[in-house]
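# Structural description and commentary
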There are 2 protein chains.
Amino acid sequence: MTPTPPPLRLSELHGSLTDPVLDAMNFLNEVVGRFPEAISFAPGRPTEGDFEPEDLARHLATYTRYLEEERGWSRDRIRTQLFQYGRTNGIIHELIARTVAHDEGIEVPPEAVVVTTGCQEGMLLTLRALFARPEDTLLVSSPCYVGITGAARLLGIRVRPVPEGPDGPDPEAVRAAAQAARAAGERPRAFYVVPDFANPTGTSMTTADRERLLDVAAAEDLLILEDDPYGFFVRTGEARPTLKALDRERRVVHLGSFAKTALPGARVGYVLADQEVLGEDGRRSLLADELSKIKSMTTVNTSAVSQAVIGGLLVEAGCRLREANAGTIAYYRTAMDTLLGELERHFPADRRAELGISWNRPDGGFFVVVTVPFAADHKALELSARAYGVLWTPMQDFHLDGGGTHQLRLSCSAQTPERITEGMARLAAFVTDQLEARP
Amino acid sequence: MTPTPPPLRLSELHGSLTDPVLDAMNFLNEVVGRFPEAISFAPGRPTEGDFEPEDLARHLATYTRYLEEERGWSRDRIRTQLFQYGRTNGIIHELIARTVAHDEGIEVPPEAVVVTTGCQEGMLLTLRALFARPEDTLLVSSPCYVGITGAARLLGIRVRPVPEGPDGPDPEAVRAAAQAARAAGERPRAFYVVPDFANPTGTSMTTADRERLLDVAAAEDLLILEDDPYGFFVRTGEARPTLKALDRERRVVHLGSFAKTALPGARVGYVLADQEVLGEDGRRSLLADELSKIKSMTTVNTSAVSQAVIGGLLVEAGCRLREANAGTIAYYRTAMDTLLGELERHFPADRRAELGISWNRPDGGFFVVVTVPFAADHKALELSARAYGVLWTPMQDFHLDGGGTHQLRLSCSAQTPERITEGMARLAAFVTDQLEARP
């Protein structure tokens, strides 16, 4: 007779598992799964473009050929590289250093590159290394990507929101938040920001604000954690320099990702961590070296197979990923132009003023925020999915301080122009009905 | 003019970075790197066998063919599976469930399988989910694999050692440790153990002790974290059942790895977590579902490319990895037989009694422990590497409580019989000289 096993109690497990942010993400995934026929503007999934499964084998072959022909490696050494445990900070660090130099004008030595299992592991490693004491505080641009607040929650790190304006975070608000933290007995250590086409707001920092943010970081002794997954995808105007490209004091730890510029399925990201670290004994290392110690306790290595795939892709692109992404950049430009055009068509200026509807017009990226005069909550999403066949993300789920209740995020990244047009018609019907149903 | 950037201070970074265990590991890596010509019995690297880089493309093709032909997937769906973000707990969970059923007689539903970025991520996820309060304590078999103590250190989890005997941990010692923890106001949550051919000691638990350990776990309300990377590699006698195969109360969370049975470079491991979890609202989930919430904040997904490689390998093996590993099992058997035979040849019974040297004779796995009448510390290792050209691992680095000062770990996994023979001659010369040099 098998005894009935006693269940574990959720309330006895780690608090992150019942965190509202994680709960909200689970709800969203569940809704998306429950309405597979709906047109989804919810997840920030990248387009698959002309990817074919056979590309993976080609990239692997390109990478091994590169090792053999360009680097002069023996077959035995290549075999070991792909098969074995390897260098904790990765095997394609040189290719990545060359790529960010070409694409972003970022100059870091290959030793400052940590190849990670997606950008998410990069956040986890960086937070774990930098946050040491109970009083250490992370400042985050809010509303905020849940990956960073979730990682902070796993590690028990306190987070202070810095409200975003229409041009992203205001450097003076960052200064004020750092000073408020210090006044409360905290030690503000770093500020997390997505300077280009932020998730979820779509806003971007001006170049002048980027310079000012670096000045504030120096004055307040903060590090900047710069997350830049969307920077290539400019819709209007010119690409702006990353914070890391402007960084003269090594204040910026740059979190990079190949999820949107290559393929998310490989799970390869990177951290550029060229900060110098001084030991008690006077020994000097790079922050990247310290991150490798943490990485040996999270994933040991980033998959050599995945690194070889991304490595081959970089070699094929001549370590110029921006050029290789020209088609993808055009794709997202058309997608967001279509989405904004359709919103305009359904809600022309006079009508939207009357109805109390508005939206921003991001310069690029995946995300647009629509403000509506009703609660855009989980209940509204459920109705939108069931009765109108259109999915979006409630902005309130990204707010740390109770905002965003009347806003929704639209992601244009995963739909064709035709589906966007149809989806915006459905959204317009949903919004209009909601307004008419108001008391 | 570029201002001199202020360095970060190591003392201001997280305490894990200056932990003696991590420091010891760095020292070892550094020594191995400094003496590339030495014969190394230090790392537990698996043999590369007949692996060829081209195998990766074959496994990818096998996996996509399996999806197409056996599962009836469309080409579009396969493309999305390989390219996109996907199911957090992985895409080869069904193949893994089938494999552990064949190989270990472990019956768990595929939904209880969490596919992880190596076994190390499995440890991190499991520890984070289970350890919630400051008083929660992890019991570990000691001397202990540094992966588990390192992960605990990152998360600030207290560890209590349970000393190992010649047959691994004594279940009564586990009970005593749990009771001592409780008496000290702690809440013992789980016990970590490698029941087969443990790293670093090479010891194995008897089947009777495994049953007794499960009884202790039930009586003391402990979970067992079973880590089993070496179980296939039997040298003498029969393979014993895993704790998970004997588990009737779902007390065992099984941490699995393909690093030794397939290839470490893919970084694919898994957690079998079929424990039921009861929410405040009466909702029930599996522990695997809770682990997925954590995983979404560590790596989001395990590389789809890596999973496809391991998936193809499992399909090719008919989900019977033990049979597919017959050659590897024989390889390690010969390696350890050779190592033990050479030790015997250099130090026959009468001579070793006189000299005060001894070693254990593990039933399988990679590791043998040699006890010597001098300090087998970092200084001795440095001398052994420089003057004798042979590397090993000081056992003291695996002890949480100051033991192992006169023991060294030999790993036979990465050397041919010829190199083992030569390496043991060098080790014998080193040991003999050390004894003669004693005052």
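Cut-offs applied
- Residues numbered from 1 in each chain as written.
- Chains lettered and ligands numbered in written order.
- Predicted model: local features only at pLDDT ≥ 70, side-chain atom pairs only at ≥ 80, totals over all residues.
- Heavy atoms only, no water.
- Least-squares fit on C-alpha atoms with pLDDT ≥ 70 in both.
- Contact = heavy atoms within 4.5 Å.
- Helix = DSSP H or I, 4+ residues; strand = E, 2+ residues; numbered from the N terminus.
- Polar contact = N/O pair within 3.5 Å; in protein donor to acceptor, adjacent residues only side chain to side chain.
- Core = buried A, V, L, I, M, F, W, Y, C linked by side-chain atoms within 4.5 Å.
- Buried < 20%, exposed > 50% of the residue type's maximum accessible area, 1.4 Å probe, protein only.
- Domains from an automatic or database assignment.
- Buried area = accessible area lost by both parts, 1.4 Å probe.
- Salt bridge = Lys/Arg side-chain N within 4 Å of Asp/Glu carboxyl O.
- Nonpolar A, V, L, I, M, F, W, Y, C, P; charged D, E, K, R; others polar.

### Topic: the relation of the copies chain A and chain B
With an RMSD of 0.0 Å, the fit of chain A onto chain B corresponds to turning through 180° and sliding 0.0 Å along the axis. Taken together, these values place the two copies in the relation of a two-fold axis. For chain A, the minimum C-alpha distance to the rotation axis belongs to Ala57(A) and amounts to 2.6 Å. Take the interface residues of chain A: 100% of them recur as interface residues in chain B, which is what a same-surface contact looks like.

### A short note on the side chain of Ser285(A)
Tracing the chain through its elements places Ser285(A) in strand β12 (residues 284–286). Side chain to side chain, Ser285(A) and Glu290(A) meet in a polar contact 2.8 Å long.

### Describing the nonpolar core
Ranked by size, the top nonpolar core spans 173 residues in total, and within it Leu127(A), Leu138(A), Tyr192(A), Leu263(A), Leu127(B), Leu138(B) and Tyr192(B) carry the most contacts. The contacts of Leu263(A), once residues within four sequence positions are left out, are Phe51(A), Leu56(A), Phe258(A), Val309(A), Ile310(A), Leu313(A), Leu82(B) and Phe83(B).

### Considering the domain arrangement of chain A
By a widely used convention, the size of an interface equals the accessible area lost when the partners come together. All names here are of chain A. Looking at the assigned domains, one finds that chain A contains domain 1 (30–49 + 326–436) and domain 2 (57–323). The gap between the C-alpha centroids of domain 1 and domain 2 is 29 Å. Tallying the contact residues gives 26 residues for domain 1 and 27 residues for domain 2. Of the roughly 2,200 Å² buried at the junction of domain 1 and domain 2 (both faces included), carbon and sulfur atoms supply 60%. The three residues of domain 1 that bury the most area against domain 2 are Asp363, Phe398 and Leu400, which together make up 28% of that side's buried surface. Put simply, domain 1 and domain 2 have two salt bridges between them. A salt bridge links Asp363 to Arg240; the shortest N-O distance between them is 3.3 Å. Taken together, the elements giving at least two residues each to the side of domain 1 that touches domain 2 come down to α13 (326–346) and β14 (367–371). It is α13 that provides the largest number of residues to the side of domain 1 that touches domain 2, a total of eight residues. Taken together, the residues of the side of domain 1 that touches domain 2 break down into 13 nonpolar, six polar and seven charged.

### Focus: the side chain of Thr117(A)
Note on placement: Thr117(A) falls in the loop between β3 (113–116) and α5 (118–130). Using a relative accessible area of 3% as the deciding quantity, one classes Thr117(A) as buried. Setting aside its immediate chain neighbours within four residues, Thr117(A) contacts Arg267(A), Lys295(A), Thr299(A), Asn301(A), Thr302(A), Thr117(B), Thr299(B) and Asn301(B).

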